[in-house]
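The lines below spell out each chain.
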Amino acid sequence: MNDAIGAQPLWTPNPATVGETRMAQLIAAQRKVNYAALWQWSVDQPEAFWSELWDFCGVVGDKGETVLRHGDKMPGAQWFPEARLNYAENVLQRRDDGEALIFWGEDKVKRRMTRVELVAEVGRFQQFLRAAGVGEGDRVAGYLPNLPETLIAMLAATALGAIWSSASPDFGVQGVLDRFGQIEPKVLICVDGYWYNGKAVDCLAKNAEIVAKMPSLRQVVVVPYLDSAPDLSGIAHAIGWNELPAVNPKNAPIFKRVAFDHPLFIMFSSGTTGVPKCIVHCHGGVLLQHWKEHQLHSDVRPGDRLFYFTTCGWMMWNWLVSGLGCGATLLLYDGSPFAAGGTVLFDYAAAEKMTHFGTSAKFIDAAAKLGLTPGKTHELGALRHVLDRQPTVARRL
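Residues numbered from 1 in each chain as written. Predicted model: local features only at pLDDT ≥ 70, side-chain atom pairs only at ≥ 80, totals over all residues. Heavy atoms only, no water.

**Q** What should I look at first to understand helix H5 (residues 115–131) in this one?
**A** Side chains that are three or four residues apart share a direction in an α-helix, a result of its 3.6 residues per turn. Taking 1.5 Å per residue, 17 residues should reach 24 Å; H5 reaches 25 Å between its end C-alpha atoms and fits that length. Three or more residues of H5 are buried, namely Arg-115, Leu-118, Val-119, Glu-121, Val-122, Gly-123, Arg-124, Phe-125, Gln-126, Phe-128 and Leu-129. The first or second residue beyond H5 is Gly-133, which carries a positive phi of 85°. (Helix = DSSP H or I, 4+ residues; strand = E, 2+ residues; numbered from the N terminus. Expected span 1.5 Å × (residues − 1). Buried < 20%, exposed > 50% of the residue type's maximum accessible area, 1.4 Å probe, protein only.)

**Q** It is not clear to me how the packing of helix H7 (residues 173–183) against helix H8 (residues 204–212) should be interpreted in this structure. Could you clarify?
**A** When two helices pack together, you describe them by how their axes are tilted relative to each other and by the distance separating the axes. Running from amino to carboxyl end, H7 crosses H8 at an angle of 35°, the nearest separation of the two axes being 10 Å. In this structure, H7 crosses over H8, and the sense of that crossing is right-handed. Across the interface between the two elements, Val-173, Val-176 and Leu-177 from H7 touch Lys-206, Glu-209 and Ile-210 from H8. Looking at the contact of H7 with H8, its residues break down into four nonpolar, no polar and two charged. (Axes fitted to C-alpha atoms, helices over the stretch in contact; angles between N-to-C directions. Left-handed = near helix turned anticlockwise from the far one by under 90°. Contact = heavy atoms within 4.5 Å. Nonpolar A, V, L, I, M, F, W, Y, C, P; charged D, E, K, R; others polar.)

**Q** Which parts of the structure should I look at to understand the sheet that holds strand S18 (residues 329–334)?
**A** Through backbone hydrogen bonds, the strands of a sheet pair up, either in parallel or in antiparallel fashion. In space, the five strands of this open sheet follow the order S6-S5-S18-S17-S19, with mixed pairing throughout. The open sheet terminates on both sides in strands that have one partner only, identified here as strand S6 (109–114) and strand S19 (356–358). With strand direction ignored, the average angle separating the axes of adjacent strands in the sheet is 15°. Packed on one face of the sheet, H5 meets strand S5 (99–105), S6 and S18 and runs near 90° to S6. (Pairing = 2+ DSSP bridges.)

**Q** Sorry, what's going on with the packing of aromatic side chains here?
**A** The way to describe two aromatic rings as a pair is by their centre distance and the angle between their planes. For the structure shown, the criterion picks out 21 aromatic pairs. Residues Trp-79 and Phe-80 carry aromatic rings whose centres are separated by 6.5 Å and whose planes lie at 35° to one another, so their mutual orientation is tilted. Taken together, a centroid distance of 6.3 Å and an interplanar angle of 35° make the contact between Phe-357 and Phe-363 tilted. The buried category is assigned to Phe-363, whose relative accessible area is 6%. Three or more aromatic residues joined by ring pairs make a cluster, and in this case those are Trp-104, Phe-307, Phe-309, Tyr-333, Phe-338, Phe-346, Tyr-348, Phe-357 and Phe-363. (Phe/Tyr/Trp six-rings, centres within 6.5 Å; stacked < 30°, edge-to-face > 60°.)

**Q** What am I meant to see in a nonpolar patch on the surface here?
**A** Judged by side-chain polarity, Tyr-35, Trp-39 and Val-43 come together as a nonpolar surface patch covering roughly 300 Å² of accessible area. Mapping Val-43 onto the fold places it in helix H2 (residues 35–44). (Patch = residues over 30% accessible without salt bridge, like charges linked within 9 Å, V, L, I, M, F, W, Y side chains within 5 Å. Areas by Shrake-Rupley, 256 points an atom, 1.4 Å probe, with all protein chains shown as cover. Salt bridge = Lys/Arg side-chain N within 4 Å of Asp/Glu carboxyl O.)

**Q** Sorry, what's going on with the sheet that holds strand S4 (residues 84–85) here?
**A** Across the sheet, which stays open at both edges, the three strands sit in the order S1-S4-S14 with antiparallel pairing between neighbours. Only two strands of the sheet have a single neighbouring strand rather than two, namely strand S1 (61–62) and strand S14 (258–259). As defined by bridge partners, S1 adjoins S4 across two bridges and the pair is classed as antiparallel. Bridge pairing in S4 places Asp-62 opposite Arg-84.

**Q** Please clarify how the pattern of salt bridges should be interpreted in this entry.
**A** Once the charged atoms of two side chains with opposite charge are near each other, the side chains can pair. Under the defined criterion, the tally for this structure stands at 16 salt bridges. Glu-82 serves as the salt-bridge partner of Arg-69, at 3.8 Å between the closest nitrogen and oxygen. Taken together, the residues Arg-69 in strand S2 (residues 68–69) and Glu-82 in the loop between strand S3 (78–79) and S4 connect sequence positions 13 residues apart. Its relative accessible area of 33% is what places Arg-69 among the partly exposed residues. Judged by its relative accessible area of 36%, Glu-82 is partly exposed. The residue Glu-352 makes a salt bridge to Arg-112 at a minimum N-O spacing of 2.9 Å. Note that Glu-352 is positioned in the loop between helix H11 (344–351) and S19 and Arg-112 in strand S6, a separation of 240 residues in sequence. Its relative accessible area of 8% is what places Glu-352 among the buried residues.

By themselves, these observations are geometric and do not establish any function.
Dropping the structure here:
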């Protein structure tokens, strides 16, 4: 306890509701006394823990008989070496008329999409990728804001066993080439521009320069964000997102089940000590780790509304989108966190009944310096309700 903030904790869980959490359910299912006992079990018997987590979280796929092979080696240990699964199949396993995502582009653009609509769009874009020759192990890159199309493209690619990598459109040309140039993608999805603090930022010239210096590209897809019909004449191999074939109900997504350690995402180090280094995350590891954090640590459940302020150049975007598979509605945002008079994120939280608000310490510090008091100025009851469910994590609004 920090003496500077007093002797009382900022928050404690509600005893009447803490037993309803997913963490409490797992503790009870394993007949453990408390969280500490569950943690100790996970450390002492990791094979049993991770096998149980697969079942508890409802992973779709073939688990196999062996949980861990060569567990005494690092590197060299193999988790679930007989398993076959697909990340996208798991994320898209719920297919109903419930909301899959809500998008705010500052105060300029607002969109909504149901789970049925999302699956259809994934199938539509996957047909394009297959026609472009994308298959298992190929790389597909997104130079995109946190748009619905970004999620669609990622799921369409990874469903095929292709590998996804993304960067935010505020990256410069060399920064993108330093990253994507290493992985030689077949397809690049980019955007005509984006909004930041109320101003339009054009990206077409940057896109043209990047494409000209990436000989591996077979196709480039440009998402219209600033303009419904941007001029793509200066970008080689380019087609507009809206020019892709229409949704065909017969073209449902194909899900290629791959090995547990099959590459899923390629992310990158910061580049502060030279060219950014590739960091590969795999289908099974990402799914289990993300769902552990979502369901146990954050108590994400069906019907929750999950938000994290992030760009597509940060690994928290990948973390956020996995929440779709837990039954949550994703609340996507792109732009300045202080647009629309400085309160846009809290406006979003109140308007869409956000249950989970994820952000950085830098944002919290900046909000404090601006004198923002969202707990007083906004109706954030949905966030407070989730706090009452949390067994191990405190949030401060």
